[in-house]
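Structural overview
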Amino acid sequence: MINPQKIIELFQHSLSFNKAYHVQWFLTRKCNYKCKSCNVWKDQKKEEELSTEEVKIGIDILRKLGIVEIVFSGGNPLLRNDIEEILAYASKYFITTIYDNGSMALKKMDALRYADFVAISLDSLDPDKNDYIKGVPGAWKNSMEAITKLNEEGFLVGVSVTISQMNINEIVNFTKTFVERKIPVLYCLYSYDLPKKKTFSIGEKNNEFEFIEREKVAKLCDDLMRLKRENPGILITNRTLQALKDYFLFNRRTWTCKALRNFFIIDHKGRISGCHLKAPVASIFELPEVWDSPKFERLREKYSKCQDCGYLCYIFYSIHSNASGTFEIILDQKETIRLILSKLKRKLTM
Ligand code: SF4
Ligand code: SF4
């Protein structure tokens, strides 16, 4: 939950130089959907997850490291029975975002009250197309009901859409539909994992989703920059959109990857790596000892030269990775921040 003390503390952290800022924690591999662009549901081995107590110890470690933001995803993190306890604990110290595929949010509203931001995934305004992408009948209805109800109840809820060849032509309309209702939209970009050693396999190669015309992605970046001038709630910065445009149009990477420097991931077993495509390099419990080690410095150097992926979240966290990056986000999203503050004010008076 957002409280003034937490915001002041986090703001101070976010202005520190050369500190990790963002963590994505894949709390579980359990998932009840079968998305065609994802590997997670195909690999539901009964592997051990961290216990509630272990997750809390991990949270304490992240706090000491000065982390500002944790995104809980999976699998579907709301399928964990202890998710309320985890969110209640984490939200005392961090900006916490949690992802849901739309199926669990209404069943776990008590838990979600602790999160700062709830992202519900939806990939099309067309129910049949969305359910085809998600591999589950009723997925569209679940997401729409969750988004509407959470918004009415005063939660900070956003729609998370994965842009791919399947839906690229409707992204502008999709965005308008939600931001006109004052519901923020955040974006992922279809990508798949190379067959290398990785910590958490997610993206599945699928020709239906792969972009055929790269110019279309570049044009979408222009369209979103234009839409942003009139609509708050489009949760992507112009600098990220410009980087994406250069990447798709000229195959030029205008950012340096900051994996393991400014962001890293934790998997369901508590293993740390720079991103989900890289092999684990430590356990979360070893983090205080290894964070400043020569081994981690060497890995940072190596990842800064890596060009193995174009995952949008990693591009964003590489671009906006330090104090000036935080200011850029604030300037870029000032109308969205105003929108969020007005929602919070409304929530307090409800
Ligand atoms: S994309 Fe998310 S909801 Fe879909 S199968 Fe993968 S983990 Fe589950
Ligand atoms: S570019 Fe960065 S985020 Fe992408 S695979 Fe390489 S190290 Fe990971």
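What comes next is a walk through the structure. (Residues numbered from 1 in each chain as written. Chains lettered and ligands numbered in written order. Predicted model: local features only at pLDDT ≥ 70, side-chain atom pairs only at ≥ 80, totals over all residues.)

**Considerations on the overall build of the protein**
Helices and strands together make up the secondary structure of the protein, namely 14 helices and nine strands. Compactness check: the protein gives a C-alpha radius of gyration of 19 Å against a globular reference of 20 Å for 350 residues, within 12% of the reference. Projected onto its principal axes, the C-alpha positions of the protein cover 50 × 50 × 45 Å. (Helix = DSSP H or I, 4+ residues; strand = E, 2+ residues; numbered from the N terminus. Rg over C-alpha atoms; globule rule 2.2 N^0.38 Å.)

**Some thoughts on the site of ligand 2**
Every residue lining ligand 2 is accounted for by Cys 257, Ala 259, Gly 274, Cys 275, Leu 277, Lys 278, Tyr 303, Cys 306, Asp 308, Cys 309 and Tyr 314. The class makeup of the residues in the shell around ligand 2 is eight nonpolar, one polar and two charged. (Near = placed C-beta within 6 Å. Nonpolar A, V, L, I, M, F, W, Y, C, P; charged D, E, K, R; others polar.)

**Observations regarding the nonpolar core**
One finds Ile 70, Val 118, Ile 120 and Val 185 to be the most contacted residues of the largest nonpolar core, which totals 98 residues. With seven residues, helix H12 (residues 312-319) is the largest single contributor of residues to this core. With sequence-adjacent residues up to four places away left out, Val 185 is seen in contact with Gly 158, Val 159, Val 161, Thr 175, Phe 178, Val 179, Gly 233, Ile 234 and Leu 235. (Core = buried A, V, L, I, M, F, W, Y, C linked by C-beta atoms within 7 Å. Buried ≥ 20, exposed ≤ 12 C-beta atoms within 10 Å, placed from the backbone. Contact = placed C-beta atoms within 7 Å.)

**A short note on helix H3 (residues 83-90)**
Of the residues making up H3, those classed as buried are Ile 83, Ile 86, Leu 87 and Ala 90. One side of H3 carries all its buried residues, which in axial view fall inside an arc of 95 degrees. Buried-residue contacts for H3 involve helix H2 (52-65), strand E2 (69-73), strand E3 (95-100) and helix H4 (109-112). (Arc of directions from axis to C-beta.)

**Regarding the sheet that holds strand E6 (residues 185-189)**
Remark on secondary structure: sheet strands pair via backbone hydrogen bonds, oriented parallel or antiparallel. Strand order in this open sheet of nine strands is E6-E5-E4-E3-E2-E1-E7-E8-E9, and the pairing throughout is mixed. With partners counted over all chains shown, the strands left at the sheet margins are E6 and strand E9 (282-283), one partner each. Strand direction decides the pairing type here: strand E7 (residues 263-266) and strand E8 (residues 271-273), joined by two bridges, are antiparallel. Along E8, the bridge assignment pairs Ile 265 with Ser 273. Against the sheet, helix H7 (residues 171-179) contacts strand E5 (157-163) and E6, and its axis sits at roughly 175 degrees relative to E5. (Pairing = 2+ DSSP bridges. Axes fitted to C-alpha atoms, helices over the stretch in contact; angles between N-to-C directions.)

**Quick word on helix H9 (residues 238-250)**
Taking 1.5 Å as the rise per residue, H9 with 13 residues should run 18 Å; its terminal C-alpha atoms sit 18 Å apart, in good agreement. Buried within H9 are the following residues: Thr 240, Leu 241, Ala 243, Leu 244, Lys 245, Tyr 247 and Phe 248. Lining the buried residues of H9 we find helix H8 (214-230) and H12. At the C-terminal side of H9, Asn 251 shows a positive phi close to 55 degrees. (Expected span 1.5 Å × (residues − 1).)

**Section: the pairing of E3**
When you tally the buried positions in E3, you get six out of six residues, the bulk of the element. Of the two faces of E3, both are covered, the one formed by Ile 95, Thr 97 and Tyr 99 as well as the one formed by Thr 96, Ile 98 and Asp 100. In this fold, the crossover linking E2 to E3 by way of H3 has right-handed handedness. Relative to strand E4 (residues 117-121), E3 runs parallel, the two being bridged by four bridges. If you follow Asp 100 over to E4, its bridge partner there is Ile 120. (Right-handed = clockwise from strand over helix to strand, strands pointing away.)

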